[in-house]
Structure formats: structure tokens, C-alpha cells
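Coordinate analysis (summary)
So you can see what is in the structure, the chains are spelled out below.
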Amino acid sequence: MELIQQTPDLSAYLAADDVIDHHHPTVRETAARLAVDAADSYEYARLAYEFVRDTIPHSADTGDLRVTWRASDVLARGTGICHAKAHALAALLRAEDVPTALCYQRLEYDGAQGHCLHGLVAVRFRGTWHRQDPRGNKEGVDARFSLDGERLAWVPREGRGEEDFPLLYAAPHPEVVRALREAPDRPRLWEALPDAL
């Protein structure tokens, strides 16, 4: 699949906003702590990815009912769904000048009872974009940071209504942000999230 930038301006993929708030002290401190052990930007990106994937649990896996959406809140509270974790990773990467986009997949969930919109990021290295999935591993999920072929949590299956969306967003999709901001808890968030773009 060919990934398509929403905007040709690469600086848009380094920008901060209310969601990807990489100027926030919590984000800056976390980025600085991770950067100490990184020899270069590739190593930093891998460390930031593994930090978000492994130390911030997916709230559905742990039963946490809290909804986080702003990158600094995800890092401070240590919880979030895939979209929130993608926001946190994007902020950490942009804090160290790694161009990062938000991207999405449509997947089945709850034993084919419906579809959900899954959030990922894409990083730009070696002149091209590489999608990464910081959702968090569990039984049956083994996502890894990779610039040599995708190692995502899931690959959409043909004939099941699942798909990859090729557009690389400079800012999180507004419908995703609206659902995250307005949901009082995770069960109601599931009802509010869009299942397609």
C-alpha cells in the first residue's frame, strides 16, 4: 500500500497542537530521558516506540475505564486505547524532530460483531514513511518497531470489511478526537468512536 501525505509540507508532521502537545513538560522530560540512551534518531524512535508499547498498557487490556486523549495525559496517567497511545508516541517522536503522522485501520472486533477504527503512527526515515503500531502486545499480538517491513498488531483481512487507510494525517482525525474528549468512560467511548473514515 502506498502511504499518502495529507499535506506535502513535512513541517506539519512535526507540529504541536492540543492533542500532540510535545511542548508539555511531561512529554519533554520523557523524551529527554529516552534520548539519553539513543545513539541516533533511529535508535531514539525505537526506544520511544517500545516505551509507549510496553510501559503504557492499553486500557481495554487492563480494564481501566479512564479515557485519555492528550499525549501528556497519556504519559502522566499511564493508560490509553490505541489512539491515545498513538498520540503519545507521536508527541515523543516529534519532540525529538522525527516526522510522525497519524494513520488508521478499520478492523473487526468482538468476534465479528462490528468494526472499529484502529490508530497507528507512521515515522519518516530514509526518505519514506514506515507505519508502527504502539497498541501493546498481548497473546496473539506481536507488534515491533521496524523500518524493514511492517510488524503491526493486525493486518486487515480481505472480505471481512477490514482495510488500511493510506492517508497520513498531520493531526489526529477530528472525529476520533471528539469521541475521546467527550466520552466519560471507555465503554461509552466504544459507542462513540467512528468505525471508518
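Residues numbered from 1 in each chain as written. Predicted model: local features only at pLDDT ≥ 70, side-chain atom pairs only at ≥ 80, totals over all residues. Heavy atoms only, no water.

A word on the nonpolar core
Threshold: Put simply, buried Ala, Val, Leu, Ile, Met, Phe, Trp, Tyr and Cys residues joined by side-chain atoms within 4.5 Å make one nonpolar core. Working definition: with a 1.4 Å probe on protein chains only, accessible area under 20% of the residue-type maximum means buried, over 50% means exposed, and in between means partly exposed. Where helices and strands are cited, they refer to DSSP runs of H or I of at least four residues and of E of at least two residues respectively, numbered from the N terminus. It only takes one pair of heavy atoms within 4.5 Å for two residues to be counted as in contact.
Of all hydrophobic cores here, the largest spans 48 residues; its most connected members are Tyr 44, Leu 92, Leu 93, Leu 102 and Leu 189. If you list the elements that add at least two residues to this core, you get helix H1 (25-35), helix H2 (41-55), helix H4 (71-77), helix H5 (82-95), strand E2 (100-109), strand E3 (114-125), strand E5 (163-169) and helix H6 (174-182). Ranked by residues supplied to this core, first place goes to H5 with nine residues. For Leu 189, the contacting residues outside a window of four places in its chain are Val 67, Ile 81, Ala 179, Leu 180 and Ala 183.

What about the sheet that holds strand E4 (residues 128-132)?
Strand pairing in a sheet takes place through backbone hydrogen bonds and is either antiparallel or parallel in direction. Quick note on the threshold: Strands are labelled as partners when DSSP assigns at least two bridges between them.
Ordered in space as E1-E5-E2-E3-E4, the five strands form an open sheet in which the pairing is mixed. This sheet does not close on itself; its edge strands, each paired only once, are strand E1 (4-5) and E4. As paired strands, E2 and E5 are joined by four bridges and run antiparallel to one another. Of the residues in E5, the one forming a bridge with Leu 102 is Tyr 169.

Structural notes on the layout of surface pockets
So the rule is basically this: Site definitions follow a grid-based scheme: protein atoms alone, a 1 Å grid, a 1.4 Å probe that fits but cannot get out for cavities, and for pockets an open set with protein on both sides within 12 Å along at least five of seven lines, plus lining residues having an atom within 4 Å of a point. Grid points are joined across faces, edges and corners, and a volume is the space filled by probe spheres set on the points. Classification used: nonpolar for Ala, Val, Leu, Ile, Met, Phe, Trp, Tyr, Cys and Pro, charged for Asp, Glu, Lys and Arg, polar for all others including Gly.
What the second largest pocket holds in volume is close to 220 Å³. Lining the second largest pocket are 14 residues, and of these Met 1, Arg 131, Glu 150, Leu 152 and Asp 164 sit closest to its centre. Here the lining of the second largest pocket is composed, by residue class, of seven nonpolar, four polar and three charged.

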